[in-house]
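Topology and contacts: notes
Here are the chains, one letter per residue:
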Amino acid sequence: MIPRIERIHDLLASISLDEFDPAADLLPLAHQDRFGALEETINLFALQLDVTVREHRGTISELEASRRELQDKLTTIEEQRAAIRTMSTPVVELWDDVLALPIVGMVDSRRADEMIADLLERVTQARARCVIIDLTGVELVDTATAGHFLRLVATTRLVGTFCVITGLNPRIAAAMTELGVDLGGTPTLATLKDGLKACFAHLGRVTARRSQ
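Now for a look at the structure at hand. (Residues numbered from 1 in each chain as written. Predicted model: local features only at pLDDT ≥ 70, side-chain atom pairs only at ≥ 80, totals over all residues. Heavy atoms only, no water.)

Details of the overall build of the protein chain
Scanning the protein chain for helices and strands turns up 7 helices and 5 strands. Reading the secondary structure of the protein chain in the N-to-C direction produces α-α-α-β-β-α-β-α-β-α-β-α. Viewed in the frame of its principal axes, the protein chain has a C-alpha envelope of about 110 × 40 × 20 Å. In the protein chain, of all internal contacts separated by at least 6 residues, the share reaching a separation of at least 24 is 69%. Just so you have it, the protein chain exposes about 13,400 Å², and 59% of that area is on carbon and sulfur atoms. The distance from the centre of the 23 positive side-chain charges to the centre of the 31 negative ones in the protein chain is 13 Å. (Helix = DSSP H or I, 4+ residues; strand = E, 2+ residues; numbered from the N terminus. Contact = heavy atoms within 4.5 Å. Areas by Shrake-Rupley, 256 points an atom, 1.4 Å probe, with all protein chains shown as cover. Lys, Arg positive; Asp, Glu negative; His and termini not counted. Charge placed at Lys NZ, Arg CZ, Asp CG, Glu CD.)

What follows is the structure, given as structure tokens:
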């Protein structure tokens, strides 16, 4: 009986260690006694458990493949969103020392943070001394949006860049007035062309002061 019990122990151990092999680990049914009936029952249990484990492994494998596919799709969507955000708020070099940031649509906190980071990076790379923030493509302004514009203007000033706002239509100007938005003396002009002229004038004054 002891060798038969040891074989049962080995079988259960192989199952617990996830090393069960039906072709090699099943108990030999060489005895027609009550213990043999137990051995047969254990074999059936082991086979059924092996089938269940294999099915679960297949399910887990399919779920993992689905998870990877979903993650890839989410990554692609995020990359597309980033590309759309970049295209919707490109930082354009209009002239030597002059950058323009045309803004289209609504501006939330995340987009404002990205615009500020991109603008600072371009200002540093190009060593630009003037920035034109063009709001021609902005149709609505609420308190939050106005706050983001103020952050943008303040950030450009902190790095010593001359800032001009262009494209303020009468409706946006009235809305910002009602909201009590104070641009702190930042020039506001009608068109991008006017903003470029203001930047040229500023650069001319700076050059003149340096030559004195």
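Digging into the pattern of salt bridges
All chains considered together, the criterion is met by 9 salt bridges. The partner of Glu39 in a salt bridge is Arg4, with the nearest N and O atoms 3.0 Å apart. Of this pair, Glu39 sits in helix α3 (residues 34-88) while Arg4 is found in helix α1 (residues 2-16), placing the two residues 35 residues apart along the sequence. For Glu39, a relative accessible area of 1% translates into the label buried. Notably, a salt bridge pairs Asp97 with Arg129, separated by 2.9 Å at the nearest N-O pair. Highlighted residues: Asp97 in the loop between β1 (92-95) and β2 (98-104) and Arg129 in the loop between α4 (109-126) and β3 (130-137), separated in sequence by 32 residues. Here the residues in one salt-bridge network are Glu64, Arg67 and Arg68, joined through shared partners. (Salt bridge = Lys/Arg side-chain N within 4 Å of Asp/Glu carboxyl O. Buried < 20%, exposed > 50% of the residue type's maximum accessible area, 1.4 Å probe, protein only.)

Observations regarding the layout of surface pockets
Quantified by volume, the largest pocket comes out at close to 170 Å³. Mapped by element, the contributors of at least two residues to the lining of the largest pocket are α1 and α3. Ranked by residues supplied to the lining of the largest pocket, first place goes to α3 with 6 residues. (1 Å grid on protein atoms, 1.4 Å probe; cavity = no way out; pocket = protein on both sides within 12 Å on 5 of 7 lines; lining within 4 Å. Points joined across faces, edges and corners; volume = space filled by probe spheres on them.)

A short note on the packing of aromatic side chains
Under the criterion given, the structure shown has 1 aromatic pair. Aromatic side chains Trp95 and Phe200 sit 5.5 Å apart centroid to centroid with 75 degrees between the ring planes, which places their arrangement in the edge-to-face category. Residue Trp95 is found in strand β1, and its partner Phe200 is found in helix α7 (residues 192-211); the two are separated by 105 residues along the sequence. Residue Phe200 is classed as partly exposed on the basis of its relative accessible area of 34%. (Phe/Tyr/Trp six-rings, centres within 6.5 Å; stacked < 30°, edge-to-face > 60°.)

Points about the sheet that holds strand β5 (residues 188-189)
Across a sheet, strands are paired by hydrogen bonds formed along the backbone, either parallel or antiparallel in direction. Ordered by their spatial adjacency, 5 strands build an open sheet running β1-β2-β3-β4-β5, and the pairing between neighbours is mixed. Whereas interior strands pair on both sides, the edge strands pair on one side only; in this sheet they are β1 and β5. (Pairing = 2+ DSSP bridges.)

Description of a nonpolar patch on the surface
A grouping of Leu70, Leu74 and Ile77 is seen on the molecular surface, where their side chains present a nonpolar patch of about 260 Å² in accessible area. Relative to the elements of secondary structure, Ile77 occurs in helix α3. (Patch = residues over 30% accessible without salt bridge, like charges linked within 9 Å, V, L, I, M, F, W, Y side chains within 5 Å.)

Topic: α1
Each turn of an α-helix holds 3.6 residues, which means side chains three or four residues apart point in the same direction. Taking 1.5 Å per residue as the helical rise, α1 with its 15 residues ought to reach 21 Å, and the 21 Å between its terminal C-alpha atoms agrees with that figure. Every buried residue of α1 is listed here: Arg4, Ile8, Leu11 and Ser14. Seen end-on, α1 carries its buried residues on one side only, within an arc spanning 125 degrees. Across α1 from its buried face, at more than 90 degrees, point the exposed residues Ile2, His9 and Ser16. Asp18 lies just past α1 and shows a positive phi near 60 degrees. (Expected span 1.5 Å × (residues − 1). Arc of directions from axis to C-beta.)

What about the side chain of Asp134?
You can see Asp134 is positioned in strand β3. Arg111 provides the closest opposite charge to the buried, salt-bridge-free Asp134, at an N-O distance of 11 Å. Among the polar contacts made by the side chain of Asp134, one reaches the side chain of Thr166 at a distance of 2.6 Å. With near-sequence residues (within four places) excluded, Asp134 lies in contact with Leu101, Pro102, Ile103, Thr166, Gly167 and Leu192. (Polar contact = N/O pair within 3.5 Å; in protein donor to acceptor, adjacent residues only side chain to side chain.)

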